[in-house]
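Spelled out, the chains give:
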Amino acid sequence: MSKASDAMGRDQMHKGMSVGAQTGKPRDAGRTFSRLLGYLRPYRLRIALVLALVVAGTAMALLGPYLVGRAIDLCAPGADLAGLWRICGLLLGVYAAYWLAEYGQSYYIVEVTQRVLRALRRDLFKRLQGLSLRYFDQKGTGELMSRLTNDLDAVNRVLSQGVVQLLASALALTGMLVVMLLLNPWLGLATVAVMPVMLYFTLRTGRKTRSGFREVQGKLGRLNAMTEETIGGVRVAQAFRRERSLMDEFDRTNVAARDTTIRAQLTMTLLRPMLYVFSNLNQVAIAGIGGALALRGMVSVGVIATFVLYARRFFDPLLTLADLYTSIQSALAGAERVFDVLDEAPDVADAPDAEELRGIRGHVAFERVGFSYVPGSPVLQDLSLEAHPGQVVALVGPTGAGKTTVVNLLSRFYDVGSGRILVDGRDLRSVRQDSLRRQLGIVLQETFLFADTVMENIRYGRLGASDDECVAAARMANADQFIERLPDGYRTALSERAGTLSQGQRQLIAIARAVLADPRILILDEATSSVDTRTEAHIQEALLKLMRGRTSFVIAHRLSTIRNADQLLVIDGGCIVERGTHDSLLAGGGLYHRLYMSQFARVAAAHGK
């Protein structure tokens, strides 16, 4: 699909998308949080168990300091020694129960979190599979990978750790407040007097960090996108000695991510020292007020010790809540980016009453089709053509004329802007996309093979095919000979993008895949452009067998390969400017004649003629 018109349209769309991304939209944290709760709802029984364990653990944590205070009071002269031992034994039981509650709540919340993340990953991956090509024209692979990794990781950290900590901290804070007020209202009021100020600073800081962490996620997404692109194009970078410039560009992107992260983290870390100052001041107040009350006989030493322990722990939940608040902001920013993808509607969608396309003959008609990747920049204009069942239609023309766009529309990777495309008299927009593509066999100029065995890459054309059928398809595509020479033959595992194979070998496997699919309509987009002349002859022989009885659309750079086509359509500027056979178009002396003669002259020059 790497034609100039397609590339130009995608570049324009990408620029438009970048402007929108920089502007951004106001985010609704409440709605995002509500949607996350929707993923938790199926596990409400487990969450209820976690909540019960959190309550039990918090109760044990609150009971500990109280029992310590009672134990101190029992150490006075004449106290009950047996009672002291009972309290010590009770303390051991309390701390054991606390440990069990902590372990149980951690176990179940991790289980729930991983189930939720699995559901999020599944929904995100499913949505990506269902989106139209226009969306992927606008988004980089690394950016989308960031949604599946960085953003979901932020959600994971909060769900697996933050939820329990949030509940435990809120319960501990409330419980300690109640117990302290019951033990001694004056000391209790002294402890909570600073809470409004602390909450003010916590909320104010949290609002700033949320926007900061959303910017961090965006920067990391761009960094991932650049990394993925650079690794994928490492051969080109080394061939053109672009390592230094790429390193400079990476450094700029990396520094931007670093600076954004530092700003967000600094805003967050300012809060903890401030809360520690308030905590220390509060303990000074308790010591002073408690000492004065003890001298007047209004409070026991054990109660003061209990308050000191509670005061030390009282601010731990506040500090935890402060940290959680910023972590939650990061998680919400990540969740928003995930939901952005989940909310993306595909440009090409099946109509509610779309029907299955079965048993077609292969009659194809374009009726006054117009199309543009970007409004105002038409790629096809008022284009009409007709292909009868079994015919071979060749599309030729200069680079960027719109040839690949024609087959993209026939495959319904995009929908027409005007006019309509009919297969056996049925508008493509009235049939299901999957049923249409089951009737198509596509071999593109840019061959993509998966990191799997050769056999499985061929079987991708028809997943239910047997090994024998896959081997037969490879033989028909003249790929069997080189496959048999591979270390493990058809069981040879290919590396990512099959980098160990030549471009021609990858193309042969792709043709075998199309053979196995046994389509009624065949699309060949520069299918032989990356092979040598000898290999091309083998492929042409295979393609002639494959095209027999099938409607075929062929885009070929080498015009000599399409001279036997039933129709030659010359496209220029998005319009069909010439129609006919090879001989009639050569005799016409038009654009096709000029293209053919210029190519013939280049071939002759290359052979020294």
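Parameters and conventions
Residues numbered from 1 in each chain as written. Predicted model: local features only at pLDDT ≥ 70, side-chain atom pairs only at ≥ 80, totals over all residues. Heavy atoms only, no water. Helix = DSSP H or I, 4+ residues; strand = E, 2+ residues; numbered from the N terminus. Buried < 20%, exposed > 50% of the residue type's maximum accessible area, 1.4 Å probe, protein only. Contact = heavy atoms within 4.5 Å. Areas by Shrake-Rupley, 256 points an atom, 1.4 Å probe, with all protein chains shown as cover. Arc of directions from axis to C-beta. Pairing = 2+ DSSP bridges. Axes fitted to C-alpha atoms, helices over the stretch in contact; angles between N-to-C directions. Salt bridge = Lys/Arg side-chain N within 4 Å of Asp/Glu carboxyl O. Phe/Tyr/Trp six-rings, centres within 6.5 Å; stacked < 30°, edge-to-face > 60°. Polar contact = N/O pair within 3.5 Å; in protein donor to acceptor, adjacent residues only side chain to side chain. Core = buried A, V, L, I, M, F, W, Y, C linked by side-chain atoms within 4.5 Å. Left-handed = near helix turned anticlockwise from the far one by under 90°. Nonpolar A, V, L, I, M, F, W, Y, C, P; charged D, E, K, R; others polar. Parallel < 35°, antiparallel > 145°, perpendicular 65-115°, else oblique.

Chemist: Looking at this model, I keep getting lost on the overall build of the protein. Mind explaining?
Modeler: Scanning the protein for helices and strands turns up 21 helices and ten strands. By residue count, 44% of the 609 residues in the protein fall in the buried class. When contacts within the protein are restricted to residue pairs at least 6 apart in sequence, those whose partners lie at least 24 apart make up 79%. Total accessible area computed for the protein in this model is approximately 30,900 Å², and 58% of it derives from carbon and sulfur atoms.

Chemist: Any chance you could explain helix α16 (residues 467-476) here in plain terms?
Modeler: Since one α-helical turn is 3.6 residues long, residues separated by three or four positions face the same way. For α16, every residue scored as buried is listed here: Cys470, Val471, Ala473 and Ala474. Down the axis of α16, the buried side of the element spans an arc of 160°, and every buried residue falls inside it. In this structure, α16 carries Asp468 and Arg475 as exposed residues pointing more than 90 degrees from its buried face. The elements touched by buried residues of α16 are α15 (454-459), α17 (480-484) and α18 (503-517).

Chemist: Looking at this structure, I do not really get the sheet that holds strand β10 (residues 575-580). What am I missing?
Modeler: Sheet strands line up and pair through hydrogen bonds in the backbone, either parallel or antiparallel. One open sheet accounts for six strands, arranged β6-β7-β8-β3-β9-β10; its pairing is mixed. Of all the strands in the sheet, the pair left with one neighbour each is β6 (440-443) and β10. Strand-to-strand twist across the sheet, computed as the mean angle between neighbouring axes with direction ignored, equals 15°. Direction of pairing for strand β7 (residues 521-525) relative to strand β8 (residues 551-555): parallel, over a ladder of five bridges. Bridge pairing links Ile521 to Thr551 in β8.

Chemist: Teacher, can you tell me more about the pattern of salt bridges here?
Modeler: Pairs may arise between side chains of opposite charge once their charged atoms sit close together. With the rule as written, the count across this model stands at 24 salt bridges. Close ionic contact of Asp259 with Arg258 constitutes a salt bridge, the shortest N to O distance being 2.9 Å. Looking at Arg258, the relative accessible area reads 46%, which means it is partly exposed. Here the salt bridges share partners, and the residues they tie into one network are Glu356, Arg432, Asp434 and Arg438.

Chemist: What exactly am I supposed to notice about the packing of aromatic side chains here?
Modeler: How two aromatic rings sit relative to each other is set out by the distance from centre to centre and by the angle between their planes. Applying the stated criterion to the full structure yields ten aromatic pairs. Ring geometry for Tyr135 against Phe136: centres 5.7 Å apart, planes inclined by 85°, an arrangement best described as edge-to-face. Judged by its relative accessible area of 6%, Tyr135 falls in the buried class. When its relative accessible area of 31% is taken as the criterion, Phe136 is described as partly exposed.

Chemist: Just to check I follow, could you spell out the side chain of Asp151 for this structure?
Modeler: For Asp151, the position within the fold is in helix α6 (residues 141-183). Within the structure, the side chain of Asp151 is placed 2.7 Å from the side chain of Arg337, a separation counted as a polar contact. In this view, Asp151 contacts Ser146, Gln217, Gly334, Arg337 and Val338; residues no more than four positions away in its chain are not counted.

Chemist: In this structure, what is going on with the nonpolar core? I would like to understand it.
Modeler: The tendency in soluble globular proteins is for nonpolar side chains to be buried as a group. Val454, Ile458, Phe482, Ile483, Tyr490, Ile562 and Tyr592 are the most contacted members of the largest nonpolar core, which totals 46 residues. Among the elements that make up this core, the one with the highest residue count is α18 (eight residues). Here Val454 is in contact with Ile483, Leu486, Gly489, Tyr490, Thr492, Leu494 and Ile509, once residues within four sequence places are set aside. The next biggest cluster of nonpolar side chains, apart from the first, holds 36 residues, and it includes Phe371, Val406, Leu410 and Ile523.

Chemist: Could you clarify how one ought to interpret the packing of α6 against helix α7 (residues 185-192) in this entry?
Modeler: To describe two helices that pack against each other, one gives the angle between their axes and the distance between the axes. One can describe the packing of α6 onto α7 by two numbers: an axis separation of 5 Å at closest approach and a directional angle of 145°. Crossing hand, α6 versus α7: left-handed. Listed contacts from α7 to Leu177, Met180, Leu181 and Leu183 of α6 are Pro185, Gly188, Leu189, Thr191 and Val192. Class assignment for the residues of the contact of α6 with α7 results in seven nonpolar, two polar and no charged.

Chemist: Explanation requested: the packing of α16 against α18 in the structure shown.
Modeler: α18 packs onto α16 with a crossing angle of 120° between their chain directions and a minimal axis gap of 8 Å. Accordingly, the angle class assigned to the pair α16 and α18 is oblique. Our pair here, α16 against α18, has a crossing hand that is right-handed. Every residue of α18 that contacts α16 at Glu469, Cys470, Ala473, Ala474 and Met476 is listed here: Ala512, Val515 and Leu516. In the contact of α16 with α18, the residues fall into seven nonpolar, no polar and one charged.

Chemist: Help me understand the side chain of Thr32, please; the structure alone is not making it clear to me.
Modeler: Looking at the element boundaries, Thr32 is found in helix α2 (residues 29-40). When its relative accessible area of 7% is taken as the criterion, Thr32 is described as buried.

Chemist: What's the story with the sheet that holds strand β2 (residues 377-387) in this structure? I'm lost.
Modeler: Strand order in the open sheet formed by four strands is β2-β1-β4-β5, and the pairing between neighbours is antiparallel. Either end of the sheet is taken by a strand with one partner, and the two such strands are β2 and β5 (426-427). Looking at chain direction, strand β4 (residues 418-423) and β5 are connected through two bridges and run antiparallel. Looking at the pairing, Val423 lines up with Arg426 of β5. Packing against the sheet, helix α13 (residues 403-410) makes contact with β1 (364-374), β2 and β4, and its axis sits at approximately 110° to β1.

Chemist: How do you make sense of α13 when you look at a structure like this?
Modeler: Of all the eight residues making up α13, eight are buried; the element is thus mostly covered by neighbouring parts of the structure. Residues of α13 that are buried include every one of Lys403, Thr404, Thr405, Val406, Val407, Asn408, Leu409 and Leu410, and no others. Positive backbone phi, at 60°, marks Arg412, one or two positions downstream of α13.

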